[in-house]
Each structure stands twice: as C-alpha cells, then as structure tokens.
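Structural features, examined
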Protein chains: 8
Amino acid sequence: MPDDADFEMDWDRETRTGVSEAVLCGHKSPPQIAAIVAAAQDAGRRLLLTRLTAEAFAALEAGTRALLDYEAASGTAVLGGRLAASPIAGIGIVAAGTSDMPVAMEAARSLAFHGYDAPVIADVGVAGLWRLMRRIEEIRRFDAVIAVAGMEGALFSVLAGLVEAPVVAVPTSVGYGVSFGGRSALHAALASCAPGLVVVNIDNGFGAASAAIKMLRIGRRR
Amino acid sequence: MPDDADFEMDWDRETRTGVSEAVLCGHKSPPQIAAIVAAAQDAGRRLLLTRLTAEAFAALEAGTRALLDYEAASGTAVLGGRLAASPIAGIGIVAAGTSDMPVAMEAARSLAFHGYDAPVIADVGVAGLWRLMRRIEEIRRFDAVIAVAGMEGALFSVLAGLVEAPVVAVPTSVGYGVSFGGRSALHAALASCAPGLVVVNIDNGFGAASAAIKMLRIGRRR
Amino acid sequence: MPDDADFEMDWDRETRTGVSEAVLCGHKSPPQIAAIVAAAQDAGRRLLLTRLTAEAFAALEAGTRALLDYEAASGTAVLGGRLAASPIAGIGIVAAGTSDMPVAMEAARSLAFHGYDAPVIADVGVAGLWRLMRRIEEIRRFDAVIAVAGMEGALFSVLAGLVEAPVVAVPTSVGYGVSFGGRSALHAALASCAPGLVVVNIDNGFGAASAAIKMLRIGRRR
Amino acid sequence: MPDDADFEMDWDRETRTGVSEAVLCGHKSPPQIAAIVAAAQDAGRRLLLTRLTAEAFAALEAGTRALLDYEAASGTAVLGGRLAASPIAGIGIVAAGTSDMPVAMEAARSLAFHGYDAPVIADVGVAGLWRLMRRIEEIRRFDAVIAVAGMEGALFSVLAGLVEAPVVAVPTSVGYGVSFGGRSALHAALASCAPGLVVVNIDNGFGAASAAIKMLRIGRRR
Amino acid sequence: MPDDADFEMDWDRETRTGVSEAVLCGHKSPPQIAAIVAAAQDAGRRLLLTRLTAEAFAALEAGTRALLDYEAASGTAVLGGRLAASPIAGIGIVAAGTSDMPVAMEAARSLAFHGYDAPVIADVGVAGLWRLMRRIEEIRRFDAVIAVAGMEGALFSVLAGLVEAPVVAVPTSVGYGVSFGGRSALHAALASCAPGLVVVNIDNGFGAASAAIKMLRIGRRR
Amino acid sequence: MPDDADFEMDWDRETRTGVSEAVLCGHKSPPQIAAIVAAAQDAGRRLLLTRLTAEAFAALEAGTRALLDYEAASGTAVLGGRLAASPIAGIGIVAAGTSDMPVAMEAARSLAFHGYDAPVIADVGVAGLWRLMRRIEEIRRFDAVIAVAGMEGALFSVLAGLVEAPVVAVPTSVGYGVSFGGRSALHAALASCAPGLVVVNIDNGFGAASAAIKMLRIGRRR
Amino acid sequence: MPDDADFEMDWDRETRTGVSEAVLCGHKSPPQIAAIVAAAQDAGRRLLLTRLTAEAFAALEAGTRALLDYEAASGTAVLGGRLAASPIAGIGIVAAGTSDMPVAMEAARSLAFHGYDAPVIADVGVAGLWRLMRRIEEIRRFDAVIAVAGMEGALFSVLAGLVEAPVVAVPTSVGYGVSFGGRSALHAALASCAPGLVVVNIDNGFGAASAAIKMLRIGRRR
Amino acid sequence: MPDDADFEMDWDRETRTGVSEAVLCGHKSPPQIAAIVAAAQDAGRRLLLTRLTAEAFAALEAGTRALLDYEAASGTAVLGGRLAASPIAGIGIVAAGTSDMPVAMEAARSLAFHGYDAPVIADVGVAGLWRLMRRIEEIRRFDAVIAVAGMEGALFSVLAGLVEAPVVAVPTSVGYGVSFGGRSALHAALASCAPGLVVVNIDNGFGAASAAIKMLRIGRRR
C-alpha cells in the first residue's frame, strides 16, 4: 500500500465528543488490526476493539495478542487495561434472550472501557411477561437503559412504556425467516409509539453504550 | 366484455370449507359489484362484501344500495340480513388502538355474518401495559382470540404469551415511516416466539374471522 | 458472563398457554445449550430443542448428548422421553415436496413431544395436481391441517379451498432466485383468498404445531 | 420542446419482429399522444394504444378521439380499425377473478389488433378448484395460454401443470397488503416448478399477447 | 361501534414515564379525534395532537377547533394552553433544509408542550459545510441536540462527530428517487459510526422531543 | 422418516405437459437423491437432475454415480442416456458472458435430454455491440431463442428487438453490488418493452428449455 | 416560524464548486418558494428552480410568477434571464422515449442556466436499435453525454459501449410493475459493465447537468 | 463446453471507448480465467483482471501465475507490465476508512494500468471532520476525485460540496446491519444534493477509474 494511505486514528474524539473511537474489526485484515494496536501502544493510548472474531484474534501475532484483554463471546478486546477510577453506576442492560447475550456483552464491555459498571438483566422476553415484571423495579432505578432484543423486538415497546429513563434499543440479528437479520426488531423499535425510545444499528452494542454515556454526562455538565 | 367472461361465484364454499366466500370490492368497478349482488339476490343467497369504500357504495345505484346493510367504518356490506339462529359466543377481538378499529370491525362484521357475536376490546396497546392487564381475565375466557394491531405490533407477542386460546394476528396498515404500510407489524407477528400465534394478511379482518370460525367448528365436528 | 445474566426458562408456559417453551438453538453456543439441558434435567422437566444442527449436536459433550433423543433431519432433540399417554389424533401434515420434509418433521416431532401423533402426507405439490387429489379424502378427515411448502407456495391456496379444517401454512426456505429464502411462499400464503388459512414464520414447524395443538384444545375446553 | 426531440415510431417493428409497437400512454401527456396518433394517421398506419385512462382519453381533442376505437375497461384504443383477414384461433386467456378482467381484456384487445380471436375464460381461481377443472378440457385445446392472476398467483402453477401448451403468466396488481402491487403473484409465477411457464411484467397484457403471437408464428415459419 | 370499543387514554403516562401521550391523528377519523379531545377536556387534561392535517382540522366542528391551538406547518394542536412554569432550556434543534422545517417544528411544539424552549437552527445541510461550521459553537452549548434531515442524511454523522451532547436523529421523508420516503436518511443515521447518535422513526419529531426530555431529566433525578 | 412420507415422482408429466419432471437437487440430501435415482432405475425411466453440485455428486455412493452422466459446470446429471431419435433443431441459446455459461449449459443439457440439439452463442454482451451484431443473422434463424445474461441484463431488450422468434430470458445471478443476485437482470427482462420477451426465474436454465420445447411443439400439434 | 429558522442560500456554491445551487421545490410550500425568490431578487442573484409543478407555480403570487421564466414540461423556472455569454457546446442529451422528455428537459434547462447549449436526441430506445445507430456518429462528437431512460434502462449499456465520452445515466421513473418507480433502470445503469458509465438519482436531470458541466471544466482548468 | 461457446474479448474497446475491458473474475472458474490470460498473451495484449481472490489466484497453474503481477489486497492482476509512458497526474482517490482500502486500491491499480498515477488519501471519514479538512487543499488540486466510503457514506456529500472537480462516488460493502452490503452508502451518494456527484456500483473501483479517465480525456480531445 502506498505511504500516503496510512490510517489516522481520531485520538481526540473522546475530548471532543465524550466517547473514544473504537476499532470496528469486521472488515479489517489482521495486519491492519495489528498496525492500529501498535500505533496506540506507541502513543500510550488505551484502545477498544469490537467485532473481533476468535478467528481474527487467533490470526494476530502472539505479541499483539498478549497486549489485549480479549473476550470471545462479545468479540471485544481492550488495550491498556482498566481505568483507575471507581466504576460509575446508573446504566442498566436488559436482554430478551440467551441468544442476545453477545450483543449485550459488547455493550457492557464498551461501558466498562469508559469506566461504567452496568449490570445485565437477561432472559426477560415478553412472551413470558412475568419474567420482565419480576425485575421491573430494579430496572426502574437505572438512569438510562439499554435494551437488547432480536426476533420481533416486542420488548422495546413494553419496557419503554414502564420506565422513566430513556431507553436505547439495540436490535439483534437473532432470529430466522422474517426476522431478516435483525430488521424486524429494528423496525419494531422505530415504529413503536412508546415514549423516549431511541434506536441504534442492528447488533451495535458499542453505539448504545456511547449514547448512554453521553446521556449520563448531561447531568455532570450542567 | 365478452359473454364467456361472466363471473362465477363459489356458492358451495361454505358447504365445502365451513366459511362463505366474500366479495373483495377493492379492485372491482361499481358495475361488477352490482352484477354480483344481483346474481346473489336472484339465487336467494346471502352475501358479504368487504373493502367497499363509501365512494364505491355511493356509486352503486339506489336499488342496489337499498338491498345492502352497509357499515362505512369497516367498509362492509351484507345482503340478506341477519341469520335467524342465536349468536354463537367464544371469539373475542382485541385491538391495540383507535386507528385499528376499522379492521377490528371488518372482523366483527364478518363473524356476525356467519352467526358469531364477538366483543371488541380496544385501546390495549402494550406501551401502556396496564390497559391490557386490566382486561386480561376477560380475554382469557375466549376460545379463540383475534388480535388487531399496527405500528410495531408488540401486542401480538405479549397477548399470545398470556392466553391459552390460539391467537390470530391481524397486522394493520396503521403507522408511518418504517411501519411500511403494515409490514413491520406483520413481521413482528411472524417473528414472535410466542406459542400458538398465527397470522393473516395486513388488514385482513375477514380472513381472521374465517380462521377463528374454523377453529371453533373443530369442537363441534369431533 | 456476569452472574445476573443467567437464563430463565418459562417453565410455566405450558400451564399458562397450553404449549411448552422450546429451545431455539440456532443462535446459541454449545455451552449455552448444555446449561439449559442441565437445568431442565435438574428440574425434572421434559424439554424440546429445535434448530439443533448436526454440527452443534456433535459439539455437545457426550454426557449431554446421551440425555437427548436427537433426530438429525429435523434438527430436533427431546430430553425426557415420550409422554406416557396414548397419542392424540386429529392433526395432519401435508408437505409439497421432498425438500420440505425437514420442516414437516420439525412439526411432527413437536407434536409428538406434546402427545400428538400426526401423519405426514408428502410430495403433493400442485404442479402435479393428481397427487393431491388422490389423497384429499384422507386429508379432509383431519381436524387441523399443517401445510408445508416452499418455492411459490401454491399448495396453500388449493388445499385451503378443499378442506373444512383450519390450515396452518408453513412456508419453507426451499427454492432459489425469486423464492427469496421462503418469502415468496410466505407471501403466497398471506395473499391467498382461501378461507381459514393462517400462517407462521418461514420454516417454523414448531410454531405450526403449537397453533394446531391450541386449536384442538378448544373442543376440550368447552 | 426543441425540434430535435421529435418522437420516432418504430414502424418496421412488425416486419422485423412479427409484432407491432404499441404506444404505452401511462407517462405521456395528451399532446404527446395526439401527436403520435396524428403521425400514424398521416403515415397510413394502424396503431394500438395501451394504458390510456378514461381521463387521458377525455383530455384528447374531439378530432383525435373520433379516430380511435376506445375501450375503457382495458384502457386500450385502436387507430385504423379491424384487420380485413378472418381472425386466427389458437390462443386462450384464463383469468383468476373478476378484478383481473381489465388486464385480460388488454391482452384480448392486443391480440385482436393483430388478427387473433382469443376467448376469455374467467373466474377460475384455484381456491375454488372445481371452477378450473370444469373448463380444463376447453383450455387444453389452446395452442398457447395466457394466464392472468393477482393476489397469490396460485393459478399459474396449477394451470401449467395441467396443459401441454406453453403458459404465459401475467401477474396483476390486484390484491392488498403483502400482494405488494402484484409482486407476490409475479414471484409465484417465477418460483413455480411447473414446466413451460413463462412470465411477463405485472399487468402487461400486451406483452403476453405479443409473446403468444410469436409462439404461434413458429409453426407457420417452419 | 360497540360500547366496549371505547378508547382509553394512557393519562398516567407522564407520571410513569416522564412524557405525556400524544394523539397521532394520521389514521383517525374526525369523529374519533373530536371524541378524544372532548374526553381530555372533560377530564381537565392538557393534550398534544400530532399529524393533524389542515384538511382534518377543518373537518372538526367549530367548537372543537376553538379549543385547540393549531399550527398548520407542523400539523400539531394543543389543548389546554401553555404551561405556567418558565421554559426550560438545554435542547436545540438543527435542521438540514427548508423542507425539513415541518418535522423540526413538530419537535419544537412537542417540547414547548412539555415546558421546554428549543431554538431551531435551520438550513445547515453539509453540502455547504460552512453553514454548519458558522453555528457550531452555538450548537455545542446544548445539552441534547435533535438533528432533522432528509435526502442522504449526511448531517447526522458530521454533527455527531462535532458535539459532546447526545444527538437524536430524525430522518425526514424529504427527497425523491432513492430517498425512498426517508429510508436512506434513516439508514444513514443508523449506519453512522459517529458516537452517541441515536435514531427515531422517519418524520417522528414528537419521538425525538420525548427522548431529549428524558435525557435532560436524568440530571435532575440523580 | 415415516412410511407415509415417501416421495412421489410425477412420471406422467411428460405425457400430460410435453416436458418431463426434473429433480431439483439443491435442497435434497444425498440419501434423498439416491432414493429418487433408484426409483427411476427400478421403473425403467430416464431422469434429469439439476443443481447437483460437485460436492453433492461426490457424496453419492459409487453405484449411484456410475448410473449418471454428470456434467459439473452445469450441475446436471442424466440417468438413462441419450434419446435414440436424431436431435431436433430450431432452438438457440445466446449467453452474454463467460460467467453465464453454467446456466446456458443447464439449458443446453435440458434440451438434449428431451432430444433437442441447441447451439450456444456466447460472449455477446451488448457493451460491445459488434459481438452480437456479427452473429445476429445466425441467431435470426432459430425458431425460439433462450437468452442468458446477468448483471444489468441489457442483452434481453436488444436481442428481442432484433429477432422474429420468441425470446425466453434467463437472468443469472452473475454480478455484484446492485446486481442483487440476479434481480436487476430479472427486472430488466420484465420491464423491457421489447415485444415477445418472456422470463423465467433467475438461473433457471431448465425452465427456459421446457418453455422453448413447448413452443416448438405448437407447430407439430396443429 | 421562529426567526432563527430563516433559510440560508449557499450563494457561493458556484464559486466553490463550479455549479450553482438549485432550489428543489418538491417539498417546499409556496410561501417558502416565494421567500427564496424574493431573497435572490433582493441580492441580485440569478436562480434556478426545479420540480416546480404547474400547481405549485400557479399557487405563487402574480408578482413572483412574473419574475420567473417557467417551463411546465420540465418543471423548471429561472429567475434573472439568460446569461450574456454565447452558449457553450460539447454536451449532448440522449433520451430513450417520449415519456423521458421531462427529465431530459430538466437537464437541458439546467445546462442552459449555466450557459451550455445541449441538443436533445430523443426516441432512441434500444428495442429498436436502428434508431440509435442512425444517430450514433452525431452522439460520438459530444465531449460528455447525458443518457435518460426509464423502464429497463438498456440504453445505458449499449450507449456507453459505443462512445468515447463519459456517459452520465439518469434513470427515470417511467414504467410500471417491476420498473419500481425507476429503480430497475437505476440498477441497470449501476450494474452495467460498460466503461465510464456513471449514475445520478432517479429523475435527477439537474444533477446530471451539474456533473457534465464539471467534466467540461476540467479541460479549461488544466 | 461446446466449441461455439468460446469467449470473445472486446479487444477494441480501448480504441472505441478510451478504456480497456477488464476481466471480472468473481464468477469465472480458474480454467476460464487461464484461457482468457492465454488468449491475451497469444494476442500480445496487456490485460487487467479484477476480483481475483487469493484462493482463485492460487488455483491457477504456476505458468499462468508467473505471467501476472498480482496484488492481493485489491484482488487485481496485470498481464503485460507497466506502460512505458510517464504516469499521468490529475486524479485523486479519497477513502473514508481503513476498511475501504481494498476498493481504493482496485481503483488505483486500474488507473495505473491505463497510465495514471493517483495518490490515495485515506482515513478521512467525516465523523472526525478535521481529518478531511486538514487535507482538503491537497484534494482541491485534483481534476477528478474518486471518493470511496462504506457505512453511511456521508463523506460523499461533504466532499462534493467542497471541491470544484467532479466526484465519482464508490460506495463500499463495508459495514453491518442497515449498511446492507453497501446499499446505504450507495443511496446516500445518489440522494445527495451536492453538485456534480456521480456514482458507480458498490465496490466498483475499476468503474470509477474508467469514468475518471474518460473525464480527463475530454480536455485532450477538444
């Protein structure tokens, strides 16, 4: 590749926008990923990588792998360890089913990278409504809620109608047939008339975490 | 039009399948509709017409109009009056919002045409879950439930997870943007993992009524 | 994964809705599947697993595999053996082609899990209409019919126009080109004007079985 | 409009391809249509116009209207009257329902323009299969069959499985919901495994007529 | 309509979720709208109506119209006048073009109904980037930003990369061809990698306002 | 699998419709394919198999493979050898590019199975128009033309405007991006105003062959 | 509307990019259009308006109308008259059919506004290839070609394979059925393998003109 | 394959259109590719191959591989080495992110094959706007700009609003969820109102290079 095609990290994004840039690894080759990690290491920067499959992680050299705290289920890796500060509370993650856990974990790991500690409340799909209702008081205490669901995404409407906090819907690609790789859940979230429900891209746990962080920072700015 | 293009009603459909043919008026011209009504009148048959807009009804001649019991909100008309037998109970209609009422009424009128009396339980959208929960015991008493909802269609999953009866989902074209003329509600119904949920075409109140009637006839056949 | 992310089976679904929850394995990892089987075993519960591929089954530990009655063609597994009661008749499965058999078998296995014995009438696609007509009297004796077809799904309309029982259409992902992974068959089923035809998601044999069971229970409730 | 933008009829198309060009009026303004009719009149040519709505026909000047044999149901007009030769038999048109008649008539009028006399066999939708079977021997005598159906388009598969002649499917925009303006019927025709079934665009009665004419001409060329 | 089909407002939604229910008038008949207004008037409740076209407003009786503060450009009406409290600042609305103003105004009016005073910064589409950059410092002072754009929706990514506040994207149905009634702008918002960008349905100014209100309430709850 | 799920070949299809049934192997397991071949062998029938990949062919037992004349590029196999009669001429196959050859060969092999010998004229895509024009006189001599093209499918319109014979368009899944797996070529064929152009499913070489055979049989029937 | 929502023309766009901003009137109200015209008049600027329907033009006040040179077929209006300089040649417009003329004229009028004089070569659809071939030498003399076609858009591939100049394809919304409002022609243009073919949005004659102008300016910059 | 199915290169395309034909290898088998290379070698022609994966390249025989200058990241190969003439400047390539580099490199290699030397300016996605602005003066010096971006494609609008040169947008299939394999970026490019922006197929770096070459040749022709 030519010299003038070097990558260019947006290191100041956190200062400018309150959230760090993450490296979305899905379409990057192992050499590209390794080069980005090396650049961050050289610059003394922490780094969050997402959509890093087990195969792609294994294809990295041992030296690079050793630098990273990798978690396979969520496909996330962290360079530079935990933040020193004590974790910040206020954000909760609600997941409809077991199959939605990888996306919920991407959100949880992204929050942890930024210093937030968010519990995951799982298996509360609304086809068995009692599961959600049993834990609704716990959920109502969060300042911002990340809701993760695939298939028909009915959780989003029900949940957003029950809590005062803003709800960030993350549709997942879980399902088959007319689930259309997450589009039915996405459309369900967008078409809902439940108040204060906002939506991010299919499987975008990192994006939901970023939005929730920005919401919690409002109070501190004022 | 040539002589050999005459229409041909399926008069024996009720005998063969348990449900009468209905005349779907949406793509038929007023002369075509009038000819069908006249043929039924001549044959001494009762007839159900659906998707008959106020404009199309007004375009019929006065003589034809006088034969029909027309209801504008649901766009349905009946030739031949009520059945003599006392109405049959067991089917309930549940509608998410006020805007879904025309479709719910098409189902109710189709059931009435066949001798079934079905109450409509309206405005129980799950973004305000208490509205559904307040009436759930009443709904649980039905042998078959017709659920009518547009927008994101979350009602279907929640309802089907709460009742023992089979639930026939009728997605409606209510909504805007990603509601896509009812497709998001349709996909929500199909992608749901709630047990025993079956689906008919968008706005197809007549089809849901036909299915519910066939379900109730099972018990009587055995 | 965090402690508060444990899965939560809806054990009471059968009591509440008349049909058991099934474990849809398509998006679950082998450890997740094994944990669910273990929990059911500990709780003394029978369990139905669907969409369990031969690869995923082989990836389970031998101990887990030994607990399961696995059938590869339909991708279903049962924990806890057959029900003691004698099988219940009344439901029939009609499949258009050889390629539709895996979905037909998912329906048959789901019915068997709940105590119903349903014959499969196969290879009756309507491009060779005599095949269906030769067996139509046999099909007319069922109280509820599950119809399984891919490609253009013309079987649904023809069949529903010939029988008195309600017909549950299961479109399959069989086909190529404009079959669109089952969507053309799905749309054919939904757009049909045949009376009493209801539809479930593409390839959803379990859902069709659940709906048919609920229909047959109506007679017994009354 | 500039001089160099004059329209240019393909007057030799019939000589070159066996079928005349038709003027598709849907997107043309009344002045454009009038100019084309005048040019054909000047050149002493016969002309077929399709998709000419009653509103567009009424917007033409009286002199132009007087030249045309207009038929409103099919939206077709002919300049130059009937062909002198006696009509050619061998093509039949089969229409599923009353609502499909306008498209069936566009095919019939297009055939008549080229000298073919094609009977229309209507109201033979397969949800009431006996209607088709009662007339199947008559249909089997045609050398080429044009099949016209909307909604789920199941007629195409059944019919093509019963006759020896090639079948040209014309999906129509009749239906609602998932009929998607004719796309479900179109996909049904294309996805069918019935042999010798070929397809033209939605509502394209003229195109089906052109194809059938070309098929019949094969025998005469050889 | 039957007695048991009465509508049922979710009057407690504001208490439960922090935002009032609004009446989406798009699919409701004038009598339905009038009945809802009357019920709110009787209950002494304030009410926000959205998607109320000039035609629908004109079709209401004079008595009902007199109760409402109607604004035609945004299609919104308010029953019950302004809140007594002084307006709350912190939310800004940024609109790409003149054609996006109706949706921006729906958001502004929804915010005003709840007591928030939000300035609208218009005509800052990024094809002329200097227009946005000239006002970016002003925009950076908001605690939450509502961004309104149609066509290709490039404003969302650029804006969200420049501000610290969370950005709620409202895609609009402005555009033609591949704008697909707002879907291209919607997909642009969802597919963006800009941090903290969340999305609501096409043209859903009310939904964006609800979400922004919930975000600002976080600080006050803590 | 249960006994009553046995497959059922439509052996009389050739007598009834003029074209044999083919076995579409795409969704069938090797045991299913082997059973069908064995049944045909037992019945003394010739058999055509399509969409038989090299992997699937290799998975058949040696005994089955030995019975079949397999051609890998087209994915077709024939049981029972060539027809005794001398090959019938009159059908030509025109393919736009090298990548379209597998589909063109499926058509050629299907024709050969039925006794027709059809030359393939390849690499005549219209972006280099001289290639088509150089061979157009040869093409004009066919009684029926099968046109095979992917990508944007412009060949269909140009070709059908140049020949007197009917043209059967076979869109192929060749291309990328907006080729959408053959849908753009399919839509180009259907939306064309060239006369006498008819269309089959994407990649359906067998279907095009069946249609062409039926067309040529017209002359012999009369 | 609030004061801070005033529109903001990008007056310097021509200086910065070589092409003026045009006012797309499709989603703008008559008062919005009038205000923009008034602002341009006050600033002594020339202005091009597109997608201005006859109804919208008639709804403007007489004073505003008098300022504009309006052309109804193309829906364009010009404020400020012709440029003084003599027209620049080099760009040609090629349109497939009569129905494509409004879009071709939008391109021609946009070019004229910027001082370019572009002939329109119409009715050269490739289903009658001789029409295009008769004029191809004339077309080959242009430095840049704008091609305008709807339906299946086969003109784009054929034309771009015949000329040395770059070809800008403008798909039009002309057609019906699978033409999908211009999407099939759009996809045909994009999927073509003809070299140097570039594409703009459906019906976007102005965009094609802008691109052609920029291309011709390259030579003058160097 | 039969003898009359031989491929036919369009060797004169460069003379006729100014750009050579490239061999799109995506759907071609290794023997087909080898035969084309051999024919070019025999004819003494240079040849550009695109979409040649590392697997496909490895499947070629060593003799063929030795003839080719293969570059894996872009999937391109060149037969016949570099042009003797000194490279031509004037075209620049701008890529939004690291993942877009393979498509940018396909464009760069296609340009180099034709004798153009085009620098690649990478990692200038507009979510971090400063990265683009830092290099905008450099970009403004190009005569034609190729812009490469996936995900939401906001780069296209911003860039085209800042430069005087024509901009050729190449949407890439980079992204997930609603990126829809590049369609969202494609629609963003087409729906943009930025002047002079033209578009090629998803991932079509070669097509963009061809268009840019044709644009630069205008100046030399005049």
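Residues numbered from 1 in each chain as written. Chains lettered and ligands numbered in written order. Predicted model: local features only at pLDDT ≥ 70, side-chain atom pairs only at ≥ 80, totals over all residues. Heavy atoms only, no water.

**Remarks on the overall build of chain A**
Definition in use: Secondary structure elements follow DSSP: runs of H or I no shorter than four residues count as helices, runs of E no shorter than two count as strands, and numbering proceeds from the N terminus. Two things to know: the radius of gyration comes from C-alpha atoms, and the globule rule equals 2.2 Å times the number of residues to the power 0.38. Accessibility here uses a 1.4 Å probe with only protein chains present; expressed as a share of the type maximum, an area under 20% marks a residue as buried, one over 50% as exposed, and anything in between as partly exposed. Contacts are residue-level and defined by heavy atoms, with any inter-residue pair within 4.5 Å sufficient. Shrake-Rupley sampling with a 1.4 Å probe provides the accessible areas, and residues are treated as covered by the protein chains on show and by no other component.
Helices and strands together make up the secondary structure of chain A, namely ten helices and nine strands. Expected size for 222 residues packed as a compact globule is a radius of gyration near 17 Å; at 18 Å, chain A falls within 12% of this value. Each principal axis of the C-alpha distribution contributes one length, and for chain A these read about 55 × 45 × 30 Å. Counting every position in chain A, which comprises 222 residues, the buried fraction comes to 67%. By sequence separation, contacts in chain A at least 24 residues apart represent 68% of the contacts at least 6 residues apart. Accessible surface, chain A as shown: approximately 7,100 Å² in total, 51% of it carbon and sulfur.

**Quick look at unusual backbone geometry**
In this structure, F180 of chain A takes a positive phi of about 50° despite not being glycine. Among the structural elements, F180 of chain A can be located in the loop between β8 (167–171) and α9 (183–191). With a phi close to 60°, D123 of chain F is a non-glycine residue in the positive phi region. The buried category is assigned to D123 of chain F, whose relative accessible area is 8%.

**Remarks on the environment of G80 of chain D**
All names here are of chain D. For G80, the position within the fold is in the loop between β4 (76–79) and β5 (91–95). Separated by 32 residues in the primary sequence, G80 and L48 have C-alpha atoms spaced 9.0 Å apart. When neighbours within four sequence positions are excluded, G80 is seen to be in contact with R46 and L67.

**Let's talk about the relation of the copies chain B and chain D**
The condition that has to hold: Least squares is the method for superposing the copies, and the C-alpha atoms it fits come from residues with pLDDT of at least 70 in both.
Least-squares fitting of chain B to chain D yields an RMSD of 0.0 Å, with the transformation described by 0.1 Å of translation along the axis and a rotation of 90°. Such values leave the two copies arranged in the relation of a four-fold axis. Among all residues of chain B, the minimum C-alpha distance to the rotation axis is found for F180 of chain B, at 7.9 Å.

**As for the interface of chain E and chain A**
Put simply, the rule is: By definition, the buried area sums, over both parts, the 1.4 Å-probe accessible area that each loses when the two are put together. Basic side-chain nitrogens of Lys or Arg form a salt bridge, by our definition, when they fall within 4 Å of a carboxyl oxygen of Asp or Glu. Definition of a polar contact: a pair of N or O atoms within 3.5 Å, with one able to donate and the other able to accept a hydrogen when the atoms are protein atoms, and with sequence-neighbouring residues admitted only if both atoms are side-chain atoms.
Contacts between the two partners involve 39 residues from chain E, matched on the other side by 39 residues from chain A. Both sides together, the interface formed by chain E and chain A hides about 3,500 Å², and carbon and sulfur atoms give 53% of it. For the pair chain E and chain A, the interface holds two salt bridges. Measuring nitrogen to oxygen at the nearest pair gives 2.5 Å for the salt bridge that ties E164 of chain E to R217 of chain A. Across the contact surface, chain E and chain A share nine residue pairs in polar contact (both at pLDDT 80 or more). Elements that contribute at least two residues to the side of chain E that touches chain A include exactly α1 (13–17), α9 (183–191), β9 (197–199) and α10 (205–221) of chain E. Here the side of chain E that touches chain A gets nine residues from one element, more than from any other, and that element is α10 of chain E.

**A closer look at the domain arrangement of chain A**
Residues and elements named next belong to chain A. Formally: The split into domains, and so the bounds of each, comes from an automatic or database assignment of domains.
Structurally, chain A comprises domain 1 (13–79) and domain 2 (91–221). Between the C-alpha centres of domain 1 and domain 2 there is a distance of 25 Å. Facing 19 residues of domain 1, the contacting portion of domain 2 comprises 15 residues. A combined buried area of about 1,400 Å² lies between domain 1 and domain 2, and 59% of that area is made up of carbon and sulfur atoms.

**A look at the interface of chain B and chain D**
Short version of the rule: We call Asp, Glu, Lys and Arg charged. Ala, Val, Leu, Ile, Met, Phe, Trp, Tyr, Cys and Pro are nonpolar, and the rest, Gly among them, are polar.
Taken together, the 22 residues of chain B in the interface contact 24 residues of chain D. Buried area between chain B and chain D, summed over both chains or domains, comes out near 2,000 Å², and the portion from carbon and sulfur atoms is 56%. Connecting chain B to chain D are one salt bridge. When the shortest N-O distance is used, the salt bridge between R131 of chain D and E21 of chain B registers 4.0 Å. Of all the elements in the fold, those that place two or more residues in the side of chain B that touches chain D are α1 (13–17) and α9 (183–191) of chain B. Split into classes, the residues belonging to the side of chain B that touches chain D amount to eight nonpolar, four polar and ten charged.

**Section: the pairing of strand β8 (residues 167–171) of chain D**
Residue and element names in this part refer to chain D. Note the following rule: Paired strands, as defined in this entry, are two strands with at least two bridges between them according to DSSP. The handedness of a crossover follows from its direction of travel: if, with the strands pointing away from the viewer, the path from the first strand over the helix to the second runs clockwise, the crossover is right-handed.
A large share of β8 lies buried, amounting to five of its five residues. Covered by surrounding structure in β8 are V167, A169 and P171 together with V168 and V170, the residues of both alternating faces. Inspection of the sheet shows β8 paired to strand β9 (residues 197–199) by three bridges, in the parallel sense. For A169, the partnering residue across the bridge sits in β9 and is V199. Regarding the hand of the β-α-β motif, the stretch spanning β8, helix α9 (residues 183–191) and β9 is right-handed.

**A few points about the sheet that holds strand β4 (residues 76–79) of chain A**
Residue and element names in this part refer to chain A. Where we set the bar: Axes here mean lines fitted to C-alpha atoms, for a helix over just the part in contact, with angles spanning 0 to 180 degrees between N-to-C directions.
Here we have four strands laid out as an open sheet, ordered β1-β2-β4-β3, and mixed in their pairing. Looking at the sheet topology across the chains shown, the edges are occupied by β1 (22–24) and β3 (68–71). Averaged over all pairs of adjacent strands, the angle between strand axes in this sheet comes to 20°, irrespective of strand direction. By the bridge criterion, three bridges tie β1 to strand β2 (residues 47–50) in an arrangement that is parallel. Bridging across to β2, L24 finds its partner in T50.

**Regarding the relation of the copies chain E and chain A**
In the superposition of chain E on chain A (RMSD 0.0 Å, axial shift 0.0 Å), the rotation amounts to 180°. Such values leave the two copies arranged in the relation of a two-fold axis. Looking at the rotation axis and the C-alpha trace of chain E, the residue lying nearest is G219 of chain E, at 1.8 Å. Here 100% of the contact residues of chain E are again contact residues in chain A; the copies associate through an equivalent surface.

**Structural notes on helix α2 (residues 30–43) of chain F**
Rule in force here: By definition here, a helix of n residues has an expected span of 1.5 Å times n minus one. Each direction from the helix axis to a C-beta atom contributes to the arc, which is the arc of those directions.
Between its terminal C-alpha atoms α2 of chain F stretches 20 Å, which fits the 20 Å expected from 14 residues at 1.5 Å a residue. Among the residues of α2 of chain F, those classed as buried are Q32, I33, I36, V37 and A40 of chain F. For α2 of chain F, the buried positions fall inside an angular range of 135° around the axis, keeping them on one side. Summarising the geometry of α2 of chain F, the exposed residues directed more than 90 degrees from the buried face are P31 and D42 of chain F. Where α2 of chain F is buried, its residues touch α5 (101–113) of chain C together with β1 (22–24), β2 (47–50), α4 (62–67), β3 (68–71) and β4 (76–79) of chain F. Within two residues after α2 of chain F, G44 of chain F carries a phi angle of roughly 70°, on the positive side.

**So, the state of the cysteines**
Counted only if it meets this: By convention in this document, the label disulfide applies to cysteine sulfur atom pairs within 2.5 Å.
Evaluation of the coordinates by the stated rule reveals zero disulfides over all chains. Cysteine C193 of chain C remains unbridged, with the sulfur of C25 of chain B as its closest cysteine sulfur at 13 Å. Classification of C193 of chain C as partly exposed rests on a relative accessible area of 37%.

**Considering the pattern of salt bridges**
All names here are of chain C. Enumeration according to the criterion identifies 47 salt bridges over all chains in this entry. Ionic pairing is found between E106 and R51, a salt bridge with its closest N-O pair at 3.1 Å. With E106 in helix α5 and R51 in the loop between β2 (47–50) and α3 (54–59), the pair connects residues that are 55 residues apart, well separated along the chain.

**Looking at the packing of aromatic side chains**
Note the following rule: Only the six-membered ring of Trp is used, alongside the rings of Phe and Tyr, when aromatic pairs are assigned; centres must lie within 6.5 Å, and planes under 30 degrees apart are stacked while those over 60 apart are edge-to-face, with the rest tilted. Two thresholds decide whether a charge sits over a ring: the Lys NZ or Arg CZ must be within 6 Å of the ring centre and within 35 degrees of the ring normal.
Applying the stated criterion to the full structure yields eight aromatic pairs over all chains. When the ring of F57 of chain A is compared with that of Y70 of chain A, the centres are 4.2 Å apart and the planes differ by 10°; the resulting orientation is stacked. Separated by 13 residues along the polypeptide, F57 of chain A in helix α3 (residues 54–58) and Y70 of chain A in strand β3 bring together distant segments of the chain. Across the pair, Y70 of chain A and F57 of chain A agree in class, each one buried. Above the ring of F113 of chain B, the side-chain terminus of R46 of chain B is found at 4.2 Å from the ring centroid.

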